[in-house]
Protein chains: 2
Amino acid sequence: MLQSLSIERTKTKKRQPAADQLGFGNYYTDHMFIMDYEAGRGWHSPRIIPYQPIVLDPAAKVFHYGQTIFEGLKAYKTEDGRVLLFRPRKNFERMNRSNERLSVPEVPVDDCIEAMKQLIAVDRDWIPTAPSTSLYVRPFIIATQPQLGVAPSTHYQFIVIMSPVGAYYSEGVNPVKIFVESEYVRSVKGGVGEAKTAGNYAAGLKAQELAKDKGYSQVLWLDGVHRKYIEEVGSMNVFFKINGTVHTPALNGSILDGVTRRSIIELLGHWNVPVVERPISIEELYEASRKGELEEAFGTGTAAVISPVGELNWQDDVLVINGGQTGELSKKLYDTLTGIQMGKLADPYDWMVEAVSAPVKA
Amino acid sequence: MLQSLSIERTKTKKRQPAADQLGFGNYYTDHMFIMDYEAGRGWHSPRIIPYQPIVLDPAAKVFHYGQTIFEGLKAYKTEDGRVLLFRPRKNFERMNRSNERLSVPEVPVDDCIEAMKQLIAVDRDWIPTAPSTSLYVRPFIIATQPQLGVAPSTHYQFIVIMSPVGAYYSEGVNPVKIFVESEYVRSVKGGVGEAKTAGNYAAGLKAQELAKDKGYSQVLWLDGVHRKYIEEVGSMNVFFKINGTVHTPALNGSILDGVTRRSIIELLGHWNVPVVERPISIEELYEASRKGELEEAFGTGTAAVISPVGELNWQDDVLVINGGQTGELSKKLYDTLTGIQMGKLADPYDWMVEAVSAPVKA
Ligand SMILES: Cc1ncc(COP(=O)(O)O)c(C=O)c1O
Ligand SMILES: Cc1ncc(COP(=O)(O)O)c(C=O)c1O
């Protein structure tokens, strides 16, 4: 399919933002990738074009019935000028699991990776190199059929846009304060919580705003059935180090199967740090803290990589973790993972994929 | 705000479809209404313009985080040439409740109704008059800020499009067969089930497809906590007549507060038919059927008005209701409600609102 990839370069390059102006998701590169889907024909017409608006019929299903899937991954420029992607196949495999749940057609994983590499090559000058910066890549699919019946769309677009980004939280790698949500729920078993689809994020906005008003940067969700078991944070999976063992909620259908989560579990395994995936109740966590056994807590995700949790607030019961400081293991995981991602440390697990090779020296 | 409403008429009118070609949501009228929202400025620039594509940055939040709300109501042309709307205020009041849940700014209800009336007046020739046809009006809001942080948008568009429609189900007012879903869940208390937002519909597609494959036209959802209590159908609330009393699931936060549902409850009240809103378990329904007490079942919604349910399938246990025939009460409710809506019956409850008055006779 990708043999027919066409590339149209922009005639008017945008001015690039300064590294300290980046923030998260505010600026977009000069080009984007698009391909179309039509029932009976499949994915077709892959093309790299200048970054430009999407033009859709107002009856397009994405506006009404939310049939949309997205992914998020990062490209890093190494000191020797190569561009590396972190486990990109995992993202497109997950995209296909999300697609399946939302009745969106499967995407060709190899073609998606190749298209993304070509797009990155075209916009390679946009990849920032200052510490903690990278190029955030956002592949997404939208249902475009202009039809108001509640049924899967016959037409879709798969699009990739890219944004040079700085730290996700203004706190950087400093500990964040997290509010444990008791009233609102993000997802439930049997629902779409495991899929990376727009509706899950819309559902979380209200609680997140209320938490922000109370001085917390994110919400920790509890399960929708018992309102008791820890699920995940807005855009991170969570880990707790209790008495030397690392615990993280098991994949249960309502939380995202994070690529960073998986990588952390693998890393800890290699380091012989015991790690358990299981249901973890919020009471248990508070109990562990009272016994002095809760040593560290951290969130994991593409955007923030590792984000130490310094404080939880559950029904006004404030739990300070590790004196509100970044724990030793959190720090080591952050340094190791970002080191591998930036090409500064060896990559013993073959996680990094070269998107663009080093420029040939003259 | 609406004093500044501008109207730009199309120069190329579309050909209108024949009444028997309509279906649901396939054709759109010549014009649409738009207004914009910007944080700090509020809703502004209301305009009626030729029906045309929406142009959005690919980073617009609606594509990624699903911040979108919609409504659906119908306009009917009476025999004497008036155009009537069914309880339109209820729709915009509900839109504001949905907005609140999804952190979308409130809309001005009176202005929305007035804008919709003006749009209908411009496109009044599009309102079909054949039996069971009407003009379906779809107001919706989309988040347009091009920013990838997970946070409420600073910019929105409120849009109204309109579609001449026929019967929603190919069955017409004949009984539909409904599959009771045991694996997938649409929503849960604490979630967004009560809001008319895109993600709820995306979440339901998969189960609906599986049900279609088995020969059922819709899914009946059970609650996400106990998987036991009846919630609603894809786009209808449900009612059951058991032993002379009409039962319908109580509003519990996870089902839609349907305008038709409310109207049916009021109508039954006026007729002195006992009606109870309460949690109804699926076992109870099967038990009532076994005792010969389940007399009728029907769904209610703007699209189908009243849709008799002739058969349920719960875990392969098939329950035929009223011999698979339309019940007497279902029929009476359908005739009364559509009679009022089409202006053929008196409107003792002041439900109908005139959108366009009758043409002056020469
Ligand atoms: C809800 C949610 N949980 C967890 C994560 C972490 O997943 P990953 O490590 O693949 O970025 C994300 C995404 O970034 C997310 O959106
Ligand atoms: C999920 C859902 N339930 C119920 C209804 C019925 O609501 P109303 O009677 O207001 O059309 C609808 C919409 O039409 C719906 O989408």
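Residues numbered from 1 in each chain as written. Chains lettered and ligands numbered in written order. Predicted model: local features only at pLDDT ≥ 70, side-chain atom pairs only at ≥ 80, totals over all residues. Heavy atoms only, no water.

1. Regarding the overall build of chain A
Of the regular secondary structure elements, chain A holds 7 helices and 19 strands. Expected size for 362 residues packed as a compact globule is a radius of gyration near 21 Å; at 21 Å, chain A falls within 12% of this value. For chain A, the C-alpha atoms occupy an extent of roughly 60 × 60 × 35 Å along the three principal directions. Here chain A holds 39 positive side-chain charges and 43 negative ones, and the gap between their average locations is 3 Å. (Helix = DSSP H or I, 4+ residues; strand = E, 2+ residues; numbered from the N terminus. Rg over C-alpha atoms; globule rule 2.2 N^0.38 Å. Lys, Arg positive; Asp, Glu negative; His and termini not counted. Charge placed at Lys NZ, Arg CZ, Asp CG, Glu CD.)

2. Focus: the pairing of strand β3 (residues 42-50) of chain B
Residue and element names in this part refer to chain B. The buried fraction of β3 is high, at 7 of 9 residues. The pairing of strand β1 (residues 6-7) with β3 spans 2 bridges and is classified as parallel. Following the sheet pairing, S6 is matched in β3 by R47. The sheet contact formed by strand β2 (residues 31-38) and β3 spans 7 bridges and is antiparallel. Among the inter-strand pairings, I34 is bridged to a residue of β3, identified as R47. (Buried < 20%, exposed > 50% of the residue type's maximum accessible area, 1.4 Å probe, protein only. Pairing = 2+ DSSP bridges.)

3. Structural notes on the pattern of salt bridges
All names here are of chain A. All chains considered together, the criterion is met by 30 salt bridges over all chains. For E232, the salt bridge is made with R186, and the minimal N-O distance between the two is 2.9 Å. Of the two residues, E232 sits in strand β12 (residues 230-233) while R186 sits in the loop between β10 (176-180) and α4 (198-213), which places them 46 residues apart along the sequence. According to the relative accessible area criterion, E232 is buried, its value standing at 4%. Judged by its relative accessible area of 10%, R186 falls in the buried class. The network of salt bridges with shared partners includes D80, R82 and E354. (Salt bridge = Lys/Arg side-chain N within 4 Å of Asp/Glu carboxyl O.)

4. Considering the site of ligand 1
Residue and element names in this part refer to chain A. Of all residues adjacent to ligand 1, which total 16 residues, the nearest are Y201, E232, V259, T260 and T302. Contact between ligand 1 and R94: an oxygen atom at 2.8 Å from a side-chain N or O atom of the residue. Here an oxygen atom of ligand 1 and a backbone polar atom of V259 are 2.7 Å apart. Contact with the protein chains removes 95% of the 380 Å² of surface that ligand 1 exposes when unbound. Listed by contribution, the elements that provide at least two residues to the shell around ligand 1 are α5 (259-270) and β16 (294-301). In terms of residue class, the shell around ligand 1 is built from 4 nonpolar, 8 polar and 4 charged. (Near = heavy atom within 4 Å. Polar contact = N/O pair within 3.5 Å; in protein donor to acceptor, adjacent residues only side chain to side chain. Areas by Shrake-Rupley, 256 points an atom, 1.4 Å probe, with all protein chains shown as cover. Nonpolar A, V, L, I, M, F, W, Y, C, P; charged D, E, K, R; others polar.)

5. Section: the packing of aromatic side chains
Applying the stated criterion across every chain yields a total of 33 aromatic pairs over all chains. Aromatic pair B:Y286 and B:W314: ring centres 5.5 Å apart, planes at 55°, arrangement tilted. Of this pair, B:Y286 sits in helix α6 (residues 282-290) while B:W314 is found in strand β17 (residues 305-314), placing the two residues 28 residues apart along the sequence. One aromatic cluster is present, built from ring pairs that chain together A:F33, A:Y37, A:W43, A:F92, A:Y156 and A:F158. Over the face of the ring belonging to A:W271 we find A:K332, whose NZ or CZ atom lies 4.1 Å from the ring centre. (Phe/Tyr/Trp six-rings, centres within 6.5 Å; stacked < 30°, edge-to-face > 60°. Lys NZ or Arg CZ within 6 Å of the ring centre and 35° of its normal.)

6. Quick word on the interface of chain A and chain B
Chain A puts 59 residues into the contact, and the matching count from chain B is 59 residues. Surface buried jointly by chain A and chain B totals about 5000 Å² across both partners, of which 61% is contributed by carbon and sulfur atoms. Residue A:E100 is joined to B:K206 by a salt bridge in which the shortest nitrogen-to-oxygen separation is 2.5 Å. Scanning the region where chain A abuts chain B turns up 28 residue pairs in polar contact (both at pLDDT 80 or more). Elements with a minimum of two residues in the side of chain A that touches chain B: β4 (54-56), α1 (61-65), β5 (68-70), α2 (88-101), β8 (134-143) and α4 of chain A. Here the side of chain A that touches chain B takes 9 residues from α4(A), the largest share from any one element. Looking at side-chain class alone, the side of chain A that touches chain B contains 35 nonpolar, 15 polar and 9 charged residues. By the bridge criterion, 3 bridges tie β4(A) to strand β4 (residues 54-56) of chain B in an arrangement that is antiparallel. Opposite A:I54, over in β4(B), you have B:L56 as the bridge partner. (Contact = heavy atoms within 4.5 Å. Buried area = accessible area lost by both parts, 1.4 Å probe.)

7. Quick notes on the side chain of A:D257
Residue and element names in this part refer to chain A. Mapped onto the elements, D257 comes out in the loop between β14 (245-248) and α5. In this structure D257 comes out as buried when scored by relative accessible area, which is 10%. One polar contact links D257 to R97, side chain to side chain, over a distance of 3.1 Å. At 2.8 Å, the side chain of D257 forms a polar contact with the side chain of R262.

8. Some thoughts on the relation of the copies chain A and chain B
Relative to chain B, chain A is turned by 180° and slid 0.0 Å along the rotation axis, the superposed coordinates differing by an RMSD of 0.0 Å. The operation mapping one copy onto its partner corresponds to a two-fold rotation axis. Of the interface residues in chain A, 100% have counterparts in chain B that sit at the interface too, so the contact is made through matching surfaces. (Least-squares fit on C-alpha atoms with pLDDT ≥ 70 in both.)

9. Digging into the site of ligand 2
All names here are of chain B. Around ligand 2 sit 16 residues in total, of which Y201, E232, V259, T260 and T302 are the nearest. Taking V259, its main chain carries an N or O atom lying 2.7 Å from an oxygen atom of ligand 2. Take T260: an N or O atom from its side chain is 2.6 Å from an oxygen atom of ligand 2. Relative to its unbound accessible area of 380 Å², ligand 2 is 96% covered by the protein chains. For the shell around ligand 2, the residue count by class is 4 nonpolar, 8 polar and 4 charged.

10. Let's talk about the domain arrangement of chain A
Residue and element names in this part refer to chain A. When the domains of chain A are assigned, the result is domain 1 (2-165) and domain 2 (176-326). Inter-centroid distance (C-alpha atoms) of domain 1 to domain 2 is 28 Å. The contact between domain 1 and domain 2 buries some 1500 Å² in all, and 56% of this surface belongs to carbon and sulfur atoms. Counting across the interface, domain 1 meets domain 2 through 2 salt bridges. Summed over the shared surface of domain 1 and domain 2, the result is 11 residue pairs in polar contact (both at pLDDT 80 or more). (Domains from an automatic or database assignment.)

11. Side note on the UniProt feature "modified residue: N6-(pyridoxal phosphate)lysine" (unreviewed entry) in chain A
Residues and elements named next belong to chain A. Within this structure's numbering, the places UniProt gives as "modified residue: N6-(pyridoxal phosphate)lysine" (unreviewed entry) are K196. Locating K196 in the fold gives a position in the loop between β10 and α4. Excluding residues within four positions of it along the chain, K196 makes contact with T68, I69, F70, E71, G72, R94, S98, Y201 and L256. (UniProt positions renumbered as here; feature names shortened; annotations may be inferred.)

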